[in-house]
Amino acid sequence: MDKLLITGNGPLQGEVAISGAKNAALPAIAACLLSAEAVHISNIPAVRDIETALQLLERMGCRVERDGTHLSVDASQITSVRAPYELVRTMRGSILLLGPLLSRFGEADVSLPGGCAIGSRPVNEHITGLERMGAEIRIEAGYIKAKSVRLRGAHIAFDVPSVTATENIMMAATLAEGSTVIENAAREPEVADLAIMLGRMGAQITGAGSNTITIEGVPHLHGATHRVPPDRIETGTFLVAAAATRGKIRVLDTNPAHLQYVLTKLEDAGAAISHGENWIQLDSQGKQPLAVNVTTAPYPAFPTDMQAQFVTLNALAEGNSTVVETIFENRFMHVAELQRMGANIELQGHTAVIQGCERLQAAPVMATDLRASASLVIAALAADGETSIDRVYHLDRGYDNIDAKLARLGALTRRVSTS
Ligand code: EPU
């Protein structure tokens, strides 16, 4: 198990290139199961969740070839439709295999992901959506066992706009008979990107990126080439790290259009932001950030995946703030760790009430989930002394070489193995 040692070393400065988005690459990889022809995907990030997804595909009989950030998947010879618990439990995104497997092979056997650190995370929307399309689904020994002849189009209205449920139903509907309408669909850029990729494979989808998506089923999808868009949460994480350390950085290979809400909040925090088509510059002009209130909500509002990072920013800001989490019921595990570093935060239900301070102090802390880990890294960068962050495997699930990228921005980071 690795530990990350970070010594606060003043403002971050320089340029950093952003990797492909984990949460766009995962559905793109699942979509490869929909075709018997090879699919080629570029800009794949080097993160552990992607390794897990590829292991799952290989166990199913897919031929997977990886060359740096390029990936080719050939799903012509599938030997199993099972996604086993030992892999699924490490990555909830595995639920994305359910729709494609069922739609193309008429059968799927996907382990229930179970709870996770950030909340109970049910999958009822995935299941009832597929049932409306004619699937027979049983839960047996912890597995979702789904069967159908050919799925048929249906009108599906989500109670909550779930990102992966929207992606799952959209993928399943591409090969269904007739048309499917998803109401109250998630509008995240990753959903819109998946629709672009499926369109390249021959799917007929309109409305992705809005809250109503229509899919006309087709008999087959073919091979295609697709590039994963930049990771908006990695981008936001580096920008917050620069603001928290009173630095100035330029983030390259990114898409500012996917981060408008976050960029506005960073401006409210006192940072000067400028951007071009594929870069963003943040200059904090050496000043302490100002406290900003944020409330998480589905896209295009403030993302839950940036909540933890903004808790740290506010802990280091001038003034008081509140951060409200409305998506996941238990996504404040970082607060107790930040308190150990001297942060003044009080949790009141789903709200963190934060009193900002000038500096944090280094301490041994523990990563509990992916974005919580990122908030601890940012805190460590702005703390006096050397912070040791345990269980960094959480960070490696979703950040591509974060310590090397931070080192290039002037951070003092060191990875040590504790096992
Ligand atoms: N929900 C239900 N029923 C369902 C599905 C979801 O009630 O069947 C609820 C959840 O409990 C939650 C809300 O709907 O309260 C939204 O959850 P959603 O399903 O949208 O989350 P997800 O699809 O499981 C994706 C990302 C998460 C990100 C959320 C919200 C992937 C692989 N994961 O998860 O990413 O936080 O959307 O934007 O795309 C991360 O990268 O750190 C991460 C956790």
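Criteria and cut-off values
Residues numbered from 1 in each chain as written. Predicted model: local features only at pLDDT ≥ 70, side-chain atom pairs only at ≥ 80, totals over all residues. Heavy atoms only, no water. Near = heavy atom within 4 Å. Polar contact = N/O pair within 3.5 Å; in protein donor to acceptor, adjacent residues only side chain to side chain. Areas by Shrake-Rupley, 256 points an atom, 1.4 Å probe, with all protein chains shown as cover. Helix = DSSP H or I, 4+ residues; strand = E, 2+ residues; numbered from the N terminus. Nonpolar A, V, L, I, M, F, W, Y, C, P; charged D, E, K, R; others polar. Phe/Tyr/Trp six-rings, centres within 6.5 Å; stacked < 30°, edge-to-face > 60°. Buried < 20%, exposed > 50% of the residue type's maximum accessible area, 1.4 Å probe, protein only. Pairing = 2+ DSSP bridges. Axes fitted to C-alpha atoms, helices over the stretch in contact; angles between N-to-C directions. Contact = heavy atoms within 4.5 Å. Salt bridge = Lys/Arg side-chain N within 4 Å of Asp/Glu carboxyl O.

## Examining the site of the ligand
Working step 1: As a structural note, the neighbourhood of the ligand is formed by 19 residues, with Asn-124, Ser-162, Thr-164, Asp-305 and Ile-327 the closest of them.
Working step 2: At 3.3 Å from an oxygen atom of the ligand is found a side-chain nitrogen or oxygen belonging to Arg-331.
Working step 3: In isolation the ligand exposes 830 Å². Once the protein is present, 86% of that is buried.
Working step 4: Elements that contribute at least two residues to the shell around the ligand include exactly helix H1 (22–31), helix H5 (124–132), helix H6 (163–174) and helix H12 (370–381).
Working step 5: When residues of the shell around the ligand are assigned to their parent elements, the largest contribution, 3 residues, is made by H5.
Working step 6: Here the shell around the ligand is built from residues that sort into 7 nonpolar, 6 polar and 6 charged.

## Things to note about the packing of aromatic side chains
Working step 1: One pass over the structure, following the stated rule, counts 2 aromatic pairs.
Working step 2: Ring centres of Tyr-261 and Phe-302 lie 6.4 Å apart, and the angle between their planes is 65°; on these two criteria the pair is classed as edge-to-face. Residue Tyr-261 is located in helix H9 (residues 260–268), and its partner Phe-302 is located in the loop between strand E18 (294–295) and helix H10 (307–315); the two are separated by 41 residues in the primary sequence.
Working step 3: Take Phe-302: its relative accessible area is 0%, and that puts it in the buried class.
Working step 4: Ring pairs connect the aromatic residues Tyr-261, Phe-302 and Phe-310, which therefore count as one cluster.

## Considerations on the sheet that holds strand E1 (residues 2–7)
Working step 1: Across the sheet, 4 strands lie side by side as E23-E25-E1-E26; this open sheet has mixed pairing. Each having just a single partner strand, strand E23 (364–366) and strand E26 (412–417) make up the two edges of the open sheet. On average, each strand axis in the sheet is inclined to that of its neighbour by 25°, with strand direction left out of account.
Working step 2: Looking at chain direction, E1 and strand E25 (residues 386–390) are connected through 4 bridges and run antiparallel. Along E25, the bridge assignment pairs Leu-4 with Ile-389.
Working step 3: Along the sheet, H12 contacts E1, E23 and E25; its crossing angle with E1, the most-contacted strand, is approximately 35°.

## Remarks on the pattern of salt bridges
Working step 1: Applying the stated criterion to the full structure yields 18 salt bridges.
Working step 2: Taking the shortest distance from any N to any O, the salt bridge between Asp-2 and Arg-415 comes out at 3.2 Å. One end of the pair, Asp-2, is in strand E1; the other, Arg-415, is in strand E26, with 413 residues separating them in the sequence.
Working step 3: For Asp-2, a relative accessible area of 27% puts it in the partly exposed group.
Working step 4: Given a relative accessible area of 30%, Arg-415 falls into the partly exposed group.
Working step 5: When the shortest N-O distance is used, the salt bridge between Asp-49 and Lys-22 registers 3.7 Å. Placement of Asp-49 in helix H2 (residues 48–59) and of Lys-22 in helix H1 is noted, with a sequence separation of 27 residues between them. No difference in accessibility class separates Asp-49 from Lys-22, as the two residues are buried.
Working step 6: Shared partners join several salt bridges into a network, and the residues in it are Asp-2, Asp-396, Asp-403 and Arg-415.

Keep in mind these values describe shape, not function.
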